[in-house]
Amino acid sequence: MTGSYEDRDGWIWMDGKMVEWRKAQVHVLTHALHYASSVFEGERCYNGRIFKGVEHAMRLRRSAELLDMEIPWSVQEIEAAKYEMLRVNGWRDAYVRAVAFRGAGDEMGVSAAGNPVRLAIAGWEWGAYYGEAKMKGAKLDISKWRRPDPATIPSEAKAAGLYMICTMSKHAAQAKGCSDALMMDYRGYVAEATGANIFFVKEGAVHTPLADCFLNGLTRQTVIGLLRQKGIPVHERHILPTELAEFEQCWLTGTAAEVTPVGQIGAFQFEVGALARDIAQTYEAHVRA
Ligand code: PMP
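Reading the values: rules and limits
- Every residue gets a number counted from 1 within its own chain, in the order that chain's sequence is written.
- Local features are withheld for residues below a pLDDT of 70 in this predicted model, meaning they are given only at 70 or higher, and side-chain atom pairs are given and counted only at 80 or more; totals for whole chains, interfaces and linings count all residues.
- Note that water and hydrogens are dropped before the side-chain values are worked out from all heavy atoms of the structure.
- Helix numbers and strand numbers start at the N terminus; a helix is a DSSP run of H or I with at least 4 residues, a strand a run of E with at least 2.
- Each radius of gyration is computed over the set of C-alpha atoms, and the globule rule expresses the reference value as 2.2 Å times the number of residues to the power 0.38.
- Each residue is placed in one exposure class: buried if its accessible area under a 1.4 Å probe, protein chains only, is under 20% of its type's maximum, exposed if it is over 50%, and partly exposed if it falls in between.
- The contact criterion used is simple: two residues touch if any of their non-hydrogen atoms lie within 4.5 Å.
- A 1.4 Å probe and the Shrake-Rupley method give the accessible areas. Residues count as covered only by the protein chains that appear here.
- Only four residue types enter the tally: Lys and Arg on the positive side, Asp and Glu on the negative side, with His and both chain ends excluded.
- Charge positions come from single atoms, namely NZ of Lys, CZ of Arg, CG of Asp or CD of Glu.
- DSSP-based pairing: two strands are paired if at least 2 bridges between them are found.
- A molecule or strand has a residue near it when one of that residue's heavy atoms lies within 4 Å.
- Here a polar contact means two N or O atoms within 3.5 Å. Within protein one must be a hydrogen donor candidate and the other an acceptor candidate, and residues neighboring in sequence count only if both atoms are side-chain atoms.
- Each residue receives one of three labels: charged for Asp, Glu, Lys and Arg, nonpolar for Ala, Val, Leu, Ile, Met, Phe, Trp, Tyr, Cys and Pro, and polar for the others, Gly being one of them.
- Domain borders in the structure are assigned automatically or taken from a domain database.
- A side-chain nitrogen of Lys or Arg and a carboxyl oxygen of Asp or Glu constitute a salt bridge if their distance falls within 4 Å.
- All axes here are fitted lines through C-alpha atoms, helices being fitted over the stretch that makes contact, and every angle between N-to-C directions spans 0 to 180 degrees.

Focus on the overall build of the protein chain
Across its full length, the protein chain holds seven helices and 15 strands. A globule of 289 residues ought to have a C-alpha radius of gyration of about 19 Å, and the protein chain, at 19 Å, matches this closely. Oriented by its inertia axes, the alpha-carbon framework of the protein chain measures out at about 55 × 40 × 35 Å. With 289 residues in all, the protein chain has 50% of them scored as buried. A separation of at least 24 residues holds for 67% of the contacts in the protein chain among residues at least 6 apart in sequence. Surface exposure of the protein chain reaches about 13300 Å², of which carbon and sulfur atoms provide 53%. Where the 33 positive side-chain charges of the protein chain centre and where its 35 negative ones centre are 2 Å apart.

A short note on the pairing of strand β2 (residues 17-20)
Two elements, strand β1 (residues 11-14) and β2, share four bridges in a ladder whose sense is antiparallel. From the neighbouring strand, M14 faces β2, where its bridge partner is K17. Two successive antiparallel strands, β1 and β2, enclose a turn made up of two residues, where D15 displays a positive phi of approximately 50°.

Some thoughts on the site of the ligand
Taken together, 14 residues are adjacent to the ligand, and Y163, E192, L218, T219 and T255 come closest. One nitrogen or oxygen atom from the side chain of R59 is found 2.8 Å from an oxygen atom belonging to the ligand. Y163 places a side-chain nitrogen or oxygen 2.4 Å from an oxygen atom of the ligand. Surface burial for the ligand is 95%, taken as the share of its 380 Å² of free accessible area covered by protein chains. A breakdown of the residues in the shell around the ligand according to their chemical character gives four nonpolar, seven polar and three charged.

Observations concerning the domain arrangement of the protein chain
Think of interface size as the accessible area that goes away when the parts come together; that is how it is often given. Structurally, the protein chain comprises domain 1 (11-124) and domain 2 (133-287). Taken together, the contacts link 20 residues of domain 1 with 19 residues of domain 2. For the pair domain 1 and domain 2, the number of links is two salt bridges. A salt bridge links R44 to E258; the shortest N-O distance between them is 3.8 Å. Across the domain 1-domain 2 interface, the total number found is eight residue pairs in polar contact (both at pLDDT 80 or more).

Some thoughts on the environment of A104
You can see A104 is positioned in the loop between β5 (94-102) and β6 (117-124). A104 gets classed as partly exposed once you look at its relative accessible area, which sits at 38%. In contact with A104, not counting residues within four places along its chain, are L29, T30, H31, N115 and P116.

Description of the sheet that holds β2
On the basis of which strands lie adjacent, the open sheet formed by six strands has the order β2-β1-β6-β5-β3-β4 and antiparallel pairing. Strands with a single pairing partner mark the edges of an open sheet, and in this sheet they are β2 and β4 (49-50). Two strands pair when backbone bridges link them, and β5 and β6 are joined in this way by eight bridges, in the antiparallel orientation. Following the sheet pairing, A98 is matched in β6 by I121. Strand contacts of helix α3 (residues 75-89): β1, β2, β3 (38-46), β4, β5 and β6, with the helix running at about 40° to β6, the strand carrying the most contacts.

See the structure below:
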């Protein structure tokens, strides 16, 4: 299915009901549109089973709490709603997008404690996030934007407001022919891409930035577990940009990205090597197991 995301056939779960795709709309005075009071999840359903669906629902509720919002649905209800949405649309393999946000209400200022917290769950069929980069290795730009200090924004939340700099970074990257951008953090350490975590290989060991100011992705945690099961040492630590020259392989992880090898970041080259290919395959088998 192609075309604008607002003009498609299908059903979207919204506040407890299935709504026809084109009618799943909100008012322009929705609080979230003005003040970023919005959190979301990206999940993938493989062969009829959502990978880590419960963990995603828990993270959604947790992200909302970090933004002072309580989602009026339990983890179990959110899980059931996702499967209902998939069933009604007839999908067994799909991307699932849940979004919780402050709707329109009595207040239109910054404060919105009385405005309802709404929940919508949509899905679509989505292949490889980085297209052919999945095989050849993605090319990454280095963003001028930095992941913010956790004292300035709830960086653990998967919140819409945190994506403003991601969209700007990605636009700049795409204008240079890159598929994504690597972002440093507020201290200058290597952080992550605009919607995926990053891993490096050097002399048989794996190094990945310590998730102390950005999303500790569920795919990241899964991949660390799979590597350790294989007996490969994984070091979660602060990584300086100057170290990029020393790494041999690199890949990104994320629900949408899955495991995508990286061939280039700025002027630094990486080999799409044996470990990158192996962990991509292991992850693919694991999510379908
Ligand atoms: N960082 C950011 C900024 C993301 O948007 C994502 C995708 N949710 C990730 C990391 C990876 O998270 P996950 O593996 O849980 O999808």
